[in-house]
Amino acid sequence: MNIGVENFFTLSGDFALQKSTQTLKALKDGSEASVDVDLLTLGGENLNAFAGLNGGTANAIGLSLADAGFALAIATSKTDSTKTWRALVADAGSAGFVGPENIELSASSIKVAVNRPATDGSLINFSAEPLTVSTGPASTRTINFNSADGALLEASGSLKLNLNNFVQLSGDLALRKSNATLTLSTGVDVSTEVLAIGGNNLSAFAGINGGTANATGFNLTGLNFAFAAATDTNDRSRTWTALDAAATGVSFNGIPSVAITASSLDLSVNRPAADSTLINFAAAPLTVKTGPNTSRVLNLSGTGGALLEAAGTLSIDVAGFFRVSGSLALRKSDFDLKLSDDTTQQVQMLTVAGENLSAFAGMNAASDDNKAGLNLTGVDFALAVATDKSNSSRRWTTLQANVDSIALTGITGVTMSSSDLAVTINRKATDDTLADYSSTPLTLSTGSGSKALNVSSSTGEVTAAAGTITVAVQDFFTVSGGLAVRSSRDTVTLSNATTVDADLLTIGGTNISAFAGLNGGSATQTGISLGNTNFGLALITDRHDVTRKFTSLQATAGLASFIGNTSIDVSGTNLSVAINRGLQNNFPAIPGSSANTTYRLLIADQTLGDVTFTKGSSSAVANILAADSDASVAGKITTALQAIAGIGSGNVAVTGTRSAGFTIEFINALAKTNVTGLTVSTNASLSGSVAATQSAGSVTGISGVQSLTLTRQPGVRPSVTTSVTEVTAGVAEIG
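Given the structure is predicted, the values throughout are model-derived calculations rather than measurements. Throughout this description, residue numbers start from 1 for each chain and increase along the sequence as written. Where totals are concerned, whole chains, interfaces and linings use all residues; where local detail is concerned, this predicted model gives features only for residues with pLDDT of at least 70, and gives and counts side-chain atom pairs only at 80 or more. As a rule here, side-chain values cover all heavy atoms of the structure and leave hydrogens and water aside.

Chemist: Would you take a moment to explain the overall build of the chain for this structure?
Modeler: Helix and strand labels come from DSSP, where a helix needs a run of H or I of at least four residues and a strand needs a run of E of at least two; each type is numbered from the N terminus. The secondary structure content of the chain amounts to one helix and 43 strands. Each of the 735 residues in the chain was classed as buried or not, and the buried ones make up 48%. Intrachain contacts of the chain at a sequence separation of at least 6 include 62% that bridge at least 24 residues. Accessible surface is estimated by sampling points in the Shrake-Rupley manner with a 1.4 Å probe; for residues, cover comes only from the protein chains shown. For the chain, the exposed area adds up to about 31,300 Å²; of that, 47% sits on carbon and sulfur atoms. Relative accessibility under 20% of the residue-type maximum defines a buried residue, over 50% an exposed one, and the middle range a partly exposed one, all with a 1.4 Å probe and only protein chains included. Contacts are assigned to residue pairs that have any heavy atoms within 4.5 Å of one another.

Written as C-alpha cells, this is what we have:
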C-alpha cells in the first residue's frame, strides 16, 4: 500500500487499518468543544517513506527514510462532513536527501509530526484524549498533539547537510513544509512550496574539500542557521536554495602557513534557479524554525546576484609575518589560474578580503610580548587560497595589502613611520609553481568595496613590504624614501664568533635621503645630510631566545653636506655609515655576549715617519717608511703598542692593509677587557693630523660601535689624515 499526506509525507509497505466512531476535543479561537467523528486510523512499522516536496516525481526534494514507523488519524465530523482533521506521528532510523545535485543530506533519528486543521481552522486537541493507533499485530503508537501548539507539518532529527561543497552542517535540526509567496530578483512574485530546515547551536564547516584530509576552510561551532529550498508550484523544474547562518566560534585549517580565528562569522548563500533568477528574501522575508522555541529569518537580497560567502570578525596570520584582524569577507568561487610555468589551472578559490583593518607585519606576529615589526592601521587586503580542482594537494597562497600608516614595535632605539606601505606574499605550491595574477587580476569583495590581486610570479616566492618609509636609528641616523621590508631566517655570526639561528627583518632602499647626527628632523638638527643613499637595516631576533635582539645598519651616500652650524662648511662624496647594536639579555643565569676591545686604524697612503701611540702618560713610536709592506707596518704598530705601559708583550694583535685599514685587537691578558684612551698622532712636519677616539665605554653584556667616516676621492690632498676608532669595546663574560 502507498500513502501520501499533504504532499509532504509518503509511505509504502505493510500497514494496519481501523475505522471507528469517537468523540474528540476540537480547539478553535481559544475555545474547546467536543466533536463526534468518524475516525480512520492507519499505522505501520519497518517501512520506507519520504518527507518533502514532490515525492515520487523527478523533481522530488526532501528526505528518503528507511526503517520508518507511523500512526495516521483522519477524523471527519459526523454533523459536518466538510470538516476533516488529519494527524500523523512517524519516525525513521536513517534518511538520505533527494534533490539538487549540489545538496547532500543524511540523517538519523528522524521524527515527523503532522497536525492539520479542518476548513474552519479548528484543530483536534489530542493531548486532552491521546489516541492509540495500531501499527501492527502487536504494536501501537500514540498521537498526543496539543492543539495549543498550532498546526504542525514538520520533521526533526540529527542531520548532516552539505551545500555546494562549501557549507557543511551537522547536529539536531528541524524541517518544515509550507506554502509561501516569494519575490524574485526580477521583482515578480511567485507561489512556492518551501522546504525549510533550521538548526541551533550546531557544528559546521565552510570552505573547500570539507570532510577530507585536504580540507581548507573554517570549522564552526555555536552555529544557528536557516536553510530553504523553494519550488515554483506552477513549474516544479524551478527551484531556489538559500542559507543564512551565524557562528560564535571559528577556527581555520588546511594551510600550514595560514592561521585564522574568529569570534563571529556569518554565512550567506543564495543560489539561483535554472533560469538564473534568485529569490529576493529582502522583499519577502521567510521565518524558519531552528528548534522547539527558536527561529531565524531569511532576508537575503537577490538584487546583488548569487551569494556564496562568509563575513565576520576574524584574525588572520600568514607565515608568521602578516597578521590582520577586523571585519572581513570570505567567498568561494571557481577560477582559471595562470601559473609561473605559463600553464593555466582550473582551481577552487577561497578568498578573504577586508578594508580599514588593523594589522602587523614582522617577526613573531602572534606574540604580543615578543613581536618585532610594524603595527599597521587603515589596512585594505586580499588573500586568495587556490586549490587545483584535479589535485587538491596543490595549493597556492597569495596576499596583497595596502596600509595607511605604520609604527615600529619591539625594537628599542628604532622608530619608523610611513604613509603608503604595501605588503605582498606569494607562496609556492608543492611543485614549486607560483600563482600569477598579473595578466588576469582577481577582484575580491571586501564587504563595502573591492580589492584586486595582481601579483606577478616573475618576482619569485616573496614575503615583503615596501613603501615610502622614514626610519630613525639610535637618535643618530634617519633615512626616508622608497624602502622594502622582508622577513627571512638565517644564521648570524656575533662579535664573540658564536652563531645564532635568527629571524631577520630587513629594511633596505636605494637613492633615498638620509641624515646622520643629532636631533634629526628637528629645527636644531646638527650633522650630515646625505643624498643618493643606499641603505640596509637588519633587525635580528634569536629564534631560541626571543628576548635577545640585535640591530645592524649599513649605508653609503653619494653626497653630503653639514647642517646645524653656519661656521662649519663640510661636504663630501662616497660616504658610509655603520651602526651595530647588541641588546642585553635581562636574565643573569643566561650568558651574555663577550668580546675583545678592537680599534680600527686608518693610515693614509702619504703618511710617513713617526706615528705616535699614546695611552695615559705612556707613549711609543712606529716609524713608517715608504718601502714598508703592509705586514711590516702591522709589525711596527704591534711593537710600538706592546711598549706602552699597561699593554705589554703578547697582548695585542694587528691585522689588515693600508688600503683597507688595520684592526688592533687586545688579546691574552687584555682579552675581554675594555682598553680605553688610546690615541694616535703624526709628526707635525708631515703637514698631517691624526685622532683616536673611543666610541663606547665598557658595558657588561653589550658590544657596539657608532662611527661616521668621510673619505674623499683620490687626488691632490693638502693634508694627510690617520684615524683610529674603537670598533668593539671589551666585554667581561657573564657567568
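Chemist: Quick question: what am I supposed to make of the pattern of salt bridges here?
Modeler: Opposite charge on two side chains allows them to pair when their charged atoms are near. A pairing counts as a salt bridge when a side-chain nitrogen of Lys or Arg comes within 4 Å of a carboxyl oxygen of Asp or Glu. For the structure on display, the rule yields 18 salt bridges. Across the pair glutamate 461 and arginine 427 runs a salt bridge, and its minimum N-O distance is 3.4 Å. Of this pair, glutamate 461 sits in the loop between strand 28 (450-453) and strand 29 (462-473) while arginine 427 sits in strand 26 (residues 421-427); the two residues are 34 residues apart in sequence, bridging distant segments of the chain. A relative accessible area of 38% places glutamate 461 in the partly exposed class.

Chemist: Looking at this model, I keep getting lost on the nonpolar core. Mind explaining?
Modeler: If you look at soluble globular proteins, the nonpolar side chains tend to sit buried side by side. Nonpolar cores were defined as sets of buried Ala, Val, Leu, Ile, Met, Phe, Trp, Tyr and Cys residues, with membership established by side-chain atoms within 4.5 Å. Residues Phe9, Phe225, Ile316, Phe322, Leu376 and Phe381 are the most contacted members of the largest nonpolar core, which totals 110 residues. If one sorts the elements of this core by residue count, strand 23 (residues 372-388) sits on top with seven residues. When sequence neighbours within four positions are dropped, the list of residues in contact with leucine 376 reads Phe322, Leu357, Ser358, Ala359, Phe360, Ala361, Val403, Ser405, Ile406, Leu421 and Val423. With 24 residues, the next largest nonpolar core counts Ile603, Phe613, Ile624 and Leu670 among its residues.

Chemist: Explanation requested: the packing of aromatic side chains in the structure shown.
Modeler: The geometry of an aromatic ring pair is captured by the separation of the ring centres together with the interplanar angle, meaning the angle of the planes. Aromatic rings from Phe, Tyr and Trp, taking only the six-membered ring of Trp, are treated as a pair when their centres fall within 6.5 Å; an angle between ring planes under 30 degrees marks them as stacked, one over 60 as edge-to-face, and anything in between as tilted. Here the structure, examined in full by the defined rule, presents two aromatic pairs. Centre to centre, the rings of phenylalanine 15 and phenylalanine 70 are 5.4 Å apart; their planes meet at 70°, and the pair counts as edge-to-face. With phenylalanine 15 in the loop between strand 2 (9-12) and strand 3 (16-28) and phenylalanine 70 in strand 5 (residues 61-77), the pair connects residues that are 55 residues apart, well separated along the chain.

Chemist: Please clarify how the side chain of serine 122 should be interpreted in this entry.
Modeler: If you trace the backbone, serine 122 turns up in the loop between strand 7 (103-116) and strand 8 (123-124). Overall, serine 122 belongs to the buried group, its relative accessible area being 3%. Under the rule applied, a polar contact is a pair of N or O atoms within 3.5 Å (in protein, one hydrogen donor and one hydrogen acceptor; residues adjacent in sequence only if both atoms are side-chain atoms). Side-chain polar atoms of serine 122 contact the side chain of aspartate 120, separated by 2.7 Å. Those residues in contact with serine 122 that sit more than four places away from it in its chain are Leu27, Lys28, Trp85 and Pro117.

Chemist: Explanation requested: the sheet that holds strand 40 (residues 678-682) in the structure shown.
Modeler: Either a parallel or an antiparallel arrangement is found when strands of a sheet pair, and the pairing is made through backbone hydrogen bonds. Read across the open sheet, the three strands follow the order 37-36-40; overall the sheet is antiparallel. The open sheet has two edge strands, strand 37 (618-624) and strand 40, and neither has a second partner. Shown here is a sheet whose adjacent strand axes are inclined to one another by a mean of 25°, direction ignored. With five bridges joining them, strand 36 (residues 609-615) and strand 40 adopt antiparallel strand pairing. Counterpart to phenylalanine 613 in the pairing with strand 40 is valine 680. Helix 1 (residues 630-642) contacts strand 36, strand 37 and strand 40 of the sheet and is inclined by roughly 165° relative to strand 37. Paired strands, in this sense, are two strands between which DSSP finds at least two bridges. Axis definition: a line fitted to C-alpha atoms, limited for helices to the stretch in contact. Angles are taken between N-to-C directions and run from 0 to 180 degrees.

Chemist: Is there a simple way to think about the environment of glycine 616 in this case?
Modeler: Summarising the element assignment, glycine 616 is placed in the loop between strand 36 and strand 37. On the accessibility criterion, glycine 616 (66% relative accessible area) is exposed. Considering only alpha carbons, one finds glycine 616 and threonine 676, 60 residues apart in sequence, at a separation of 9.4 Å.

Chemist: Looking at this structure, I do not really get the side chain of threonine 277. What am I missing?
Modeler: Its place among the elements puts threonine 277 in the loop between strand 17 (258-271) and strand 18 (286-291). For threonine 277, the contacting residues outside a window of four places in its chain are Leu184, Ser185, Thr186, Arg238, Trp240 and Pro272.

Chemist: Even after reading the chapter, I still don't get the confidence of the model for the chain, so can you show me in this structure?
Modeler: Predicted coordinates in regions of low pLDDT should not be interpreted in detail. For the chain, per-residue confidence averages 77 on the pLDDT scale, and residues scoring 70 or more make up 84% of the total. Known as pLDDT, the predictor's confidence for each residue is given on a scale from 0 to 100. The least confident element of the chain is strand 42 (residues 704-709), whose mean pLDDT is 29; the most confident is strand 10 (residues 139-143), at 92. Below pLDDT 50 for its whole length, residues 684-735 participates in 151 contacts with residues either more than four positions away or in separate chains.

Chemist: Quick question: what am I supposed to make of helix 1 here?
Modeler: Owing to its 3.6 residues per turn, the α-helix brings residues three or four apart onto one side. In a regular helix each residue adds 1.5 Å, so 13 residues correspond to 18 Å; helix 1 covers 18 Å between its end C-alpha atoms and thus fits that length. Among the residues of helix 1, those classed as buried are Val633, Ala634, Ile637, Thr638, Ala640 and Leu641. What you see down the axis of helix 1 is that its buried residues fit within an arc of 165°, all on one side. The outward face of helix 1, more than 90 degrees from its buried face, is lined by the exposed residues Ala631 and Thr639. A helix is expected to span 1.5 Å multiplied by its residue count minus one. The arc in question is traced by the directions running from the helix axis to the C-beta atoms.

Chemist: It is not clear to me how the environment of alanine 213 should be interpreted in this structure. Could you clarify?
Modeler: Within the secondary structure, alanine 213 sits in the loop between strand 13 (189-208) and strand 14 (216-232). Given a relative accessible area of 82%, alanine 213 falls into the exposed group. Along the backbone, alanine 213 and glycine 254 are 41 residues apart, and their C-alpha atoms lie at a distance of 8.4 Å.

Chemist: What is the right way to look at unusual backbone geometry in this model?
Modeler: Leaving glycine out, the prevailing phi sign among residues is negative, and the prevailing peptide bond configuration is trans. At aspartate 67, a position not held by glycine, the phi torsion is positive, near 55°. Tracing the backbone shows aspartate 67 in strand 5. The phi dihedral of aspartate 432 is positive, around 70°, even though this residue is not glycine. With respect to the helices and strands, the residue aspartate 432 is situated in the loop between strand 26 and strand 27 (442-445). Look at aspartate 432 and you get exposed, because its relative accessible area is 52%.

Chemist: Got a minute to help me understand the environment of aspartate 14 in this structure?
Modeler: Counting through the fold element by element, aspartate 14 comes out in the loop between strand 2 and strand 3. Sequence-wise, aspartate 14 and glycine 44 are 30 residues apart; in three dimensions their C-alpha atoms are separated by 6.3 Å. If sequence neighbours within four positions are ignored, aspartate 14 has contacts with Gly44, Glu45 and Leu47.

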